[in-house]
Amino acid sequence: MQYNPQEIEFKWQSYWDANNSFEPSDEQKKEKKYILSMFPYPSGRIHMGHVRNYCLGDAFARYFRKADFNVLHPIGWDSFGMPAENAAIKHKLHPKKWTYENIDYMRKELNSLGLSFSKTREFATSDELYTKWEQEFIIKMFESGLLYRKSTTVNWCEDCHTVLANEQVEDGCCWRCDNEIVQKDMPGYYVAITQYAQELLDDLKGLENEWPSQVLTMQENWIGRSEGLEFTLNLTLDSRYKLDKNFNNYKVFTTRPDTIYGVSYSALAPEHPIVQYMVENNLLSESKINAIKNMQKHSERDRATLPKEGVSLELDVIHPLTNEKIPVWVANFVLASYGGGAVMAVPAHDQRDFEFARQYDLPIKEVIVKEEKIGYLKEAFTEAGTLIESETFTGLKSNEAKKAIIYHFEKNSLGKKQINYKLRDWGISRQRYWGAPIPFVHCEECGLVPEKIKNLPIALPEDVEITGEGNPLDNHPTWKHCACPKCGKPAVRETDTLDTFVQSSWYFLRYATNPKSWNKEGINKADSNYWMDVDQYIGGIEHAILHLLYARFFTKALNSLGYTNSKEPFKRLLTQGMVLKDGAKMSKSKGNVVDPDLIIQKYGADTARLFMMFAAPPTKELEWNDSAVEGAFRFIKKFAERVSLVAFDNLAQIENINHESLNKDEKEARRKVYEALKKSNEVFTKTYAFNTLIASSMEAMNALQNQQNPLVWAEGYWILTNILEPIIPHLCWEISEMLFDKLNFDKPLSIKEEVFTLDTLLLAITINGKKRSEVEVSPEASKEEILASAKLKAAKWLDGNELIKEIVVPNKLVNFVIKG
């Protein structure tokens, strides 16, 4: 058979399309598999990262279809977001036109890879129908108290005219445009993800061994549960007067109440209300105010890597147990989002506090020791130990002291035991056009009012001009003016749109709903009961925190609201590595981009797919290699051409080969073929090591070429076309049709254990660990018989030397240790 990839691939892609080959059954009687790769942003062209991601997902989907599962394998488009507005400004195009033209182009590119997606379940998150149901969920969250509006200090980018999450601020600049961010007080909408913090943390345990441990650790750290003591530090009278009597005290939280007698200063976050008040009212010197403003420009994540920096606020608080005065500072390492934005600082027993105290010459008081007091500390002693100089708690061990001190604070109404989380409520407001409108109305009479469900969707107006200046929805002459849904009086629509993470936080539940009911409901609970949870989710490690955390939260919230019985969206997670070229991530600026379209045109989609699955384990980085692509093409070409060696009269001949009548090479070929089949089952259900499956298939082909039995060739192709179909589907369908009328795809293949029974074993012979020869023995041979045969084969290395030791490693080798 001559291999013509373009002809074969066009034929089968047309066949699959015409026959709706990959639509899941509506009957929901079979066991199901829901295979999902993270959907793409329609940027205009697919890249090699897309190819790797979707080829991996497609391999799973095809494998489980052949294993007789009802498979849901959908695709869609994460289509809202800032890039569309930037493109609109640059190219003088409407964001909608740019987005949907890109979707059309990228759909053709993905189709050219032969990906087995469901066509009927495709959607874009910017579709008005998707927005309709999303807006309903937002309203229901608001009504249940899970969504609220408040004013807070935010990171604001003047260039993008939008709020940025802390994670989107890099070195004090916007992650998109690199413009310096400013702090701005703005009202916004927040989802109370913190209500689910403990559940999000607890349910990670159920994902162990199914998700990468690295991802679980990252989520656990991001949620950041800690137990400790919360108490009040009262300002001195002088300090209260300095603050115009607007503040009397503030709360602090510590996970180390056992160190409370070592407090030598307190530190506030740059965004703390006391600090903000002092800056706004010029209660500090100009240099101090400028230093504080500079701290505020950096995100919390960036501050963690910056040198410690602080400013004395010229205030004091009273130690709650000793009544000593404690100076108050502002410090860049204190986070406004954690523990109220204030800390008690214990330099002797916290390394961060220690470094700050050394830098600013603040007192360091040792109150916990391992054996005896050190005196001058070179670094903080952060371990548990025994308390000293701690009044009645002196002599207690750290763990005992923590409990005793918390009890003392609670008994005397000084403070309380507290559980805190680093996780903050999720700000979902964005000041941009190309996003889902937040479905609320501002009424002078009624306040904030959700739109009526029957009026949804609140769709974007299309007659806008995107200039990059301000929010087009806010500037639109008519769109925002409406009647109050409650009282009917003139009101104004909310002009903020939703963070695009909202769309990607429930799209998997939308796919699970039968498209026949999409117009009447966002999520069908019965469909969700059948399809959810996603059995295999595939995507990049860069989504380990935000997307996966928000998707987990949204699933739990929608469960609470009665939309789904699912509580965790993704059973198993595979995080694929990046595709590199010349050791670097592919990018236009580096000039190292490989165009998938050109590879497909030159070699065919099957070659691109095979290379992506073979070049590296899926979780590792993949280095692009032109010669390896050529090698993948050569293997596929050989696989096509060797079809001519297959001959049989009927399928019964293939199924009833008499193994005992075969010669040694024929038996070895069968063994290698069935080893590949075993490997296939292992790879798809346990290891994900597709490169080893392909290597096993190549070994099987080599073994087949060492024999001439046409029935063994026929059985080999019966099995190899089946196990390689998830990877190189076009050629496998062509061969299967030509040889077997596609019958070998109809049911799972069974392992024939007889092929693994060996007539002889080939053992390596090593002398002092160095391989010298091989010996063929019976599998039933005793140790003595093996050694006798091996000595004969190795006689020329053993003669004249003293034999010190004889070692037989069963089924592998014989080693002789000699002294010569």
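Just above, that's the structure.
Description of the structure in this document. (Residues numbered from 1 in each chain as written. Predicted model: local features only at pLDDT ≥ 70, side-chain atom pairs only at ≥ 80, totals over all residues. Heavy atoms only, no water.)

## Some details on the overall build of the chain
The number of helices and strands found in the chain is 27 helices and 32 strands. A principal-axis box enclosing the C-alpha atoms of the chain has dimensions of 100 × 80 × 50 Å. Here the chain holds 820 residues, and 54% of them are scored as buried. A separation of at least 24 residues holds for 72% of the contacts in the chain among residues at least 6 apart in sequence. If you sum the accessible surface of the chain, you get close to 36,400 Å²; carbon and sulfur atoms cover 48% of it. The chain carries 101 positive and 114 negative side-chain charges, and their two centres are separated by 2 Å. (Helix = DSSP H or I, 4+ residues; strand = E, 2+ residues; numbered from the N terminus. Buried < 20%, exposed > 50% of the residue type's maximum accessible area, 1.4 Å probe, protein only. Contact = heavy atoms within 4.5 Å. Areas by Shrake-Rupley, 256 points an atom, 1.4 Å probe, with all protein chains shown as cover. Lys, Arg positive; Asp, Glu negative; His and termini not counted. Charge placed at Lys NZ, Arg CZ, Asp CG, Glu CD.)

## A word on the packing of helix 19 (residues 605-614) against helix 25 (residues 729-740)
Packing of helix 19 against helix 25 brings their axes to within 7 Å, and their N-to-C directions diverge by 120 degrees. Relative to helix 25, the element helix 19 lies oblique. Here A605, D606 and R609 of helix 19 lie close against helix 25, whose contacting residues are P729, H730 and L731. A per-class count over the contact of helix 19 with helix 25 returns 3 nonpolar, 1 polar and 2 charged. (Axes fitted to C-alpha atoms, helices over the stretch in contact; angles between N-to-C directions. Parallel < 35°, antiparallel > 145°, perpendicular 65-115°, else oblique. Nonpolar A, V, L, I, M, F, W, Y, C, P; charged D, E, K, R; others polar.)

## Focus on the packing of aromatic side chains
Taken as a whole, this structure holds 53 aromatic pairs when the rule is applied. Of the aromatic side chains, those joined through ring pairs into one cluster are F39, F123, Y130, F137, W506, Y507, F508, Y511, W518, Y537, Y563 and F570. The ring centre of F756 lies 4.3 Å from the NZ or CZ of K678, which sits over that ring. (Phe/Tyr/Trp six-rings, centres within 6.5 Å; stacked < 30°, edge-to-face > 60°. Lys NZ or Arg CZ within 6 Å of the ring centre and 35° of its normal.)

## Some words on the nonpolar core
Within the largest apolar cluster, 93 residues are counted, with the highest numbers of intra-cluster contacts made by M48, F60, W624, F639, F690 and Y717. The residues contacting W624, other than those within four sequence positions of it, are M48, L580, K581, M586, V594, I599, F611, M612 and V629. (Core = buried A, V, L, I, M, F, W, Y, C linked by side-chain atoms within 4.5 Å.)

## Here we look at helix 3 (residues 82-91)
Buried residues of helix 3: M82, A84, E85, A87 and A88, and no others. On its buried side, helix 3 packs onto helix 4 (95-111).

## Regarding helix 23 (residues 690-705)
Its 16 residues give helix 23 an end-to-end C-alpha distance of 23 Å, which sits within 8% of 22 Å, the value for a rise of 1.5 Å per residue. Within helix 23 the residues assigned to the buried category are F690, N691, L693, I694, S696, S697, M698, A700, M701, A703 and L704. Taken together, the buried residues of helix 23 touch helix 2 (48-66), helix 19, helix 20 (626-641), helix 22 (664-687) and helix 24 (710-724). (Expected span 1.5 Å × (residues − 1).)

## A short note on unusual backbone geometry
The omega torsion across L456 and P457 is 5 degrees, close enough to zero to call that bond cis. Considering the arrangement of structural elements, one finds P457 in the loop between strand 20 (447-450) and helix 14 (472-475). Cis geometry marks the peptide bond from M532 to D533; its omega dihedral reads 5 degrees. Looking at where D533 falls in the secondary structure, it is placed in the loop between helix 16 (525-531) and strand 24 (536-540). Here the phi dihedral of Q28 falls at roughly 55 degrees; this positive angle occurs in a residue that is not glycine. Of note, Q28 is situated in the loop between helix 1 (5-18) and strand 1 (32-37). For Q28, a relative accessible area of 25% corresponds to the partly exposed category. If you check the backbone angles, E389 has positive phi at about 45 degrees while not being a glycine. With respect to the element layout, E389 can be found in the loop between strand 15 (386-387) and helix 13 (398-411).

## Here's the deal with the environment of G310
One can find G310 in strand 11 (residues 310-318). Of the residues examined, G310 reaches a relative accessible area of 11% and is grouped as buried. The spacing of G310 and G228 is 82 residues in sequence and 25 Å in space, taken between C-alpha atoms. When sequence neighbours within four positions are dropped, the list of residues in contact with G310 reads M295, W329, V330, A331, F356 and Y360.

## With respect to the state of the cysteines
Throughout the structure, instances matching the rule amount to 0 disulfides. No disulfide involves C174; its sulfur sits 3.8 Å from the nearest other cysteine sulfur, which is in C177. No disulfide involves C484; its sulfur sits 3.7 Å from that of C443, the nearest cysteine. Judged by relative accessible area, C484 falls into the buried class, the value being 4%. (Disulfide = S-S within 2.5 Å.)

## A look at the sheet that holds strand 32 (residues 813-819)
Strand order in the open sheet made by the 4 strands is 30-29-32-31, with mixed pairing throughout. Since the sheet does not close on itself, it has two edges, and those belong to strand 30 (770-777) and strand 31 (802-809), each with one partner. Within the sheet, the average angular offset between the axes of one strand and its neighbour, ignoring direction, is 20 degrees. As judged from the 4 bridges shared by strand 29 (residues 761-767) and strand 32, these two strands associate in the parallel manner. Bridge pairing links A764 to L813 in strand 32. Helix 26 (residues 783-793) rests against strand 29, strand 30, strand 31 and strand 32 of the sheet, and its axis sits at about 125 degrees to strand 30. (Pairing = 2+ DSSP bridges.)

## Description of the pairing of strand 30
Relative to strand 30, strand 29 is paired through 7 bridges, and the arrangement is antiparallel. Paired with L761 across the strands is V777, a residue of strand 30. Counting the residues that bridge the hairpin from strand 29 to strand 30 gives 2 residues, and of these N768 lies at a positive phi of roughly 50 degrees.

## Considerations on the pattern of salt bridges
A full pass over the atoms with the stated rule returns 52 salt bridges. In this structure, E462 engages K96 in a salt bridge whose closest nitrogen and oxygen atoms are separated by 2.9 Å. With E462 in the loop between strand 20 and helix 14 and K96 in helix 4, this pair connects stretches of sequence that are 366 residues apart. For K96, a relative accessible area of 29% gives the class partly exposed. Sharing partners across several salt bridges, the network here consists of E199, D203, R552, K556 and E568. (Salt bridge = Lys/Arg side-chain N within 4 Å of Asp/Glu carboxyl O.)

## Observations regarding the pairing of strand 12 (residues 325-331)
Among the 7 residues in strand 12, 5 count as buried, and that is most of the element. Bridging between strand 10 (residues 265-268) and strand 12 involves 3 bridges; their strand directions are parallel. Counterpart to S266 in the pairing with strand 12 is V328. Counting the residues between successive antiparallel strands, the hairpin from strand 11 to strand 12 contains 6 residues, one of them, N323, with a positive phi of roughly 65 degrees.

## Comments concerning the sheet that holds strand 17 (residues 426-427)
Taken in spatial order, the 4 strands make up an open sheet running 4-3-7-17, and their pairing is antiparallel. Only two strands of the sheet have a single partner each, and these edge strands are strand 4 (162-164) and strand 17. Where strand 3 (residues 147-157) and strand 4 come together, 3 bridges link them in antiparallel fashion. Following the sheet pairing, W156 is matched in strand 4 by V163.

## Here's the deal with the packing of helix 2 against helix 19
Axis angle and axis distance: for two packed helices, these are the angle between their axes and the distance between the axes, and together they describe the pair. At their nearest, the axes of helix 2 and helix 19 sit 9 Å apart, and the two run at 90 degrees to each other. By the angle between their axes, helix 2 is roughly perpendicular relative to helix 19. Note on element contacts: helix 19 touches helix 2 through R609, M612 and M613, opposite M48, V51, R52, C55, L56, D58, A59 and R62.

## Side note on the side chain of N709
Inspection of the secondary structure assignment puts N709 in the loop between helix 23 and helix 24. At a separation of 2.9 Å, a polar atom in the side chain of N709 contacts the main-chain amide nitrogen of L711. Apart from the residues within four sequence positions on either side, N709 is in contact with L662 and E666. (Polar contact = N/O pair within 3.5 Å; in protein donor to acceptor, adjacent residues only side chain to side chain.)

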